[in-house]
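Observations on the model geometry
If you want the building blocks of each chain, they are given just below.
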Amino acid sequence: MNYKQVILLFTILSLSACKKQDVYLNKIEGKQINISDSLEINQNIEDIIKPYREHVNANLDSVLAYAVDTYSKSDGDYNTAIGNMMADAVYEQSNPIFNSRTGENIDFVLLNHGGIRSIISKGNITTRTAYEVMPFDNSAVVVKLKGAQVKELLEYLSKAKRAHPISKLHIVLDVDGNFKSATLGDQPLDFSKTYNVATNDYLYNGGDRMDFFKTNDSLYVLDYKVRNVLIDYFTKIDTLKPVIDNRFIQLK
Amino acid sequence: MKRRDFIQQTAAASALIGLGGMSLTSFTPSTTKKITILHTNDVHSHIDAFGPDDGRNPNQGGVARRASLVEAIRKENPNTLLLDAGDIFQGTPYFNYYGGELEFKLMSMLKYDVATIGNHDFDNSIEGLYAQLPHAKFDFVSANYDFSNTVLDTHVKPYRIITKDGIKIGIFGLGIELEGLVEKRMYKETVYLDPTEAAQEMTRILKEDEQCDLIICLSHLGYNYKNRPEKISDLKLAGITKDIDLIIGGHTHTFLKKPTVVKNSEGKNMLVNQVGCYGINLGKIDFYFDSDKNKAANGTSIIV
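Just so it is clear, the structure is predicted and the values come from calculations on it, not from any experiment.

What counts as what
- Residues numbered from 1 in each chain as written.
- Chains lettered and ligands numbered in written order.
- Predicted model: local features only at pLDDT ≥ 70, side-chain atom pairs only at ≥ 80, totals over all residues.
- Heavy atoms only, no water.
- Pairing = 2+ DSSP bridges.
- Helix = DSSP H or I, 4+ residues; strand = E, 2+ residues; numbered from the N terminus.
- Contact = heavy atoms within 4.5 Å.
- Buried area = accessible area lost by both parts, 1.4 Å probe.
- Salt bridge = Lys/Arg side-chain N within 4 Å of Asp/Glu carboxyl O.
- Polar contact = N/O pair within 3.5 Å; in protein donor to acceptor, adjacent residues only side chain to side chain.
- Axes fitted to C-alpha atoms, helices over the stretch in contact; angles between N-to-C directions.
- Buried < 20%, exposed > 50% of the residue type's maximum accessible area, 1.4 Å probe, protein only.

Residue and element names in this part refer to chain A. Bridging between strand 7 (residues 169–173) and strand 8 (residues 179–184) involves 5 bridges; their strand directions are antiparallel. Within strand 8, the residue paired with His170 across the bridge is Thr183. The antiparallel hairpin formed by strand 7 and strand 8 contains 5 residues in its connecting segment, where Gly177 sits at a positive phi of about 85 degrees. Bridging between strand 8 and strand 9 (residues 187–188) involves 2 bridges; their strand directions are antiparallel. When the bridges of strand 9 are listed, Thr183 appears paired with Pro188. In sequence, strand 8 turns back onto strand 9 through a hairpin of 2 residues, with Gly185 there showing a positive phi of about 65 degrees.

Another aspect to go through is the interface of chain B and chain A. The interface is formed by 71 residues belonging to chain B together with 47 residues belonging to chain A. For the chain B and chain A pair, buried surface summed over both sides reaches about 5,500 Å², with 61% attributable to carbon and sulfur atoms. Together, Arg65, Tyr97 and Tyr288 of chain B form the three largest contributors to the area buried by chain B at its contact with chain A, with a combined 12%. Inspection of the region where chain B meets chain A yields 2 salt bridges. Among the salt bridges present, the one from Asp48 of chain B reaches Arg53 of chain A, with a minimum N-O distance of 2.6 Å. Here chain B is connected to chain A by 30 residue pairs in polar contact (both at pLDDT 80 or more). For the side of chain B that touches chain A, the secondary-structure elements that each account for two or more residues are helix 1 (3–17), helix 2 (63–76), helix 3 (93–98), helix 4 (101–109), strand 14 (281–290), helix 9 (293–296) and strand 15 (301–303) of chain B.

Moving on, we get to the sheet that holds strand 9 of chain A. All names here are of chain A. Across the sheet, 4 strands lie side by side as 9-8-7-13; this open sheet has mixed pairing. Looking along the sheet, the strands with just one partner apiece sit at the ends: strand 9 and strand 13 (248–250). In the packing of helix 5 (residues 147–160) onto the sheet, the strands contacted are strand 7, strand 8 and strand 13, and the crossing angle to strand 7 comes to about 55 degrees.

This part takes up the pattern of salt bridges. Any two side chains of opposite charge can pair, given that their charged atoms come close. Counting across every chain of the model gives 22 salt bridges over all chains. Here Arg204 of chain B ties to Asp209 of chain B by a salt bridge, and the two come within 3.4 Å at their closest N and O atoms. One connected set of salt bridges, linked through shared partners, spans Glu46 and Arg53 of chain A together with Asp48 of chain B.

What follows is about helix 4 of chain B. Structurally, the α-helix is built with 3.6 residues per turn, so residues lying three or four positions apart point the same way. Most of helix 4 of chain B is tucked away, with 7 of its 9 residues classed as buried. Every buried residue of helix 4 of chain B is accounted for by Glu101, Leu102, Glu103, Phe104, Leu106, Met107 and Ser108 of chain B. Contacts from the buried residues of helix 4 of chain B go to helix 2 (43–60) of chain A together with helix 2, strand 2 (80–84), helix 3, helix 5 (125–132) and strand 4 (139–141) of chain B. Lys111 of chain B occupies a position one or two residues after helix 4 of chain B and carries a positive phi of about 60 degrees.

This brings us to the side chain of Gln93 of chain A. Residue and element names in this part refer to chain A. Tracing the chain through its elements places Gln93 in helix 3 (residues 81–102). Taking relative accessible area as the criterion, Gln93 reaches 13% and is therefore assigned buried. Within polar-contact distance, the side chain of Gln93 engages the side chain of Tyr224 at 3.2 Å. Within the structure, the side chain of Gln93 is placed 2.8 Å from the side chain of Lys236, a separation counted as a polar contact. In this structure, Gln93 is in contact with Tyr224, Val229, Asp232, Tyr233 and Lys236, ignoring residues within four places of it in sequence.

Printed below as a string of structure tokens:
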């Protein structure tokens, strides 16, 4: 064999190595691995996270106000201190925005009892408190409700017999638990009128079967998360001392 | 020329001329290649591990621990891909404070290769997602979201092909219908296209045109909708399509004991997997390829 044959051999070998080799899938193995605390922590990753974590925690733990008592959504029959605070905060914080955009005012507020996700403990109120009470990203909206839908809303609340938070609205049930009256300030509701009702987008979209919101004239999205409503409200006030009042009661 | 015959001839020739110093290991009659696919879904901004007092998942999850695991697996097999099936965003204050910046930065450090888009990734609107893209050193794929009239136009490809150890891997993405799930003002002019048709188009391109050896679908459609059989899901898609080897799912936060083996429209077995949520688990699927056709002649063996 001379050198030409050797070169030829090398050429064939190298060409063959470059050709895409056919492969066939013959086995698949699948499993899942739990990320448990038995795994080591990667320090490079930890170092990147650290400043973010510290900033978030410092901010979440910054004190905004002081709660004079512990407030729970289970304290109260038809209205609770914590629910009243939330509905009042939504009114106070949202009405200036709604008014500046439309020239009108919010007539009343309706939230849901289930939307209060945590108690507020006596002592310092922080941003974290707002995240605990309202972990979801729901936003405040204002819905124009016709009288007929307001009627449905009142029927819903009378039947539900739950302390769904309301603000500005005053509802009385009779001794048997049936609807008796509903007033705004000292005026009874006029079912021939349309009312501006503030709520959150979860309820507007049919959450808690509050279907009356869907059949409305128009919707105003305020781009204001309920959690931010609370943060801004807590920042504004110094001391939190909401009370159970007579906004939604049953006669005895 | 038949490869086997060729090897025999050259082996004889090399023996004759005594090329002792030349390695012929690459010409052994059968070579095996292994591709490892690692995957997560619905991590939802869970950067830190759950605390010891968590009622459900104490001391589980955490990106820094996932990083160590991924690193160890890559060391064992450099031919490893790391994929995510969407809903990277939303779930802890990290997202509320930084809009997804840290999530993308960390995924880039872990060397994620490809991800698809979940409905919650629109939670800061499509502009919010777009704004965080500079932090992502990995690609997003979606074959059924048409972003032409949005800021994401050209930033999200229908599929991506990655070659590892000579094995061509095609990865395409599928997203869930946004209407009724995400507010229109968030996803804007994103157009949702039929996932089944998109999958058929993708497998045609990846199998026939691109000649991929392995086809993976990153899906945020959801694992299965028992009460709504008409709704497209990973299990349903798997049964009515062909040439997909693995569907990595998300959205339904489904914890599976093991990956599900599904027969595709041609009666061939393939896998559907999903690993719950919040970075509690990492999925690991190993694909073994052999140059010997006879080994695969009786079908692919699946061990789960």
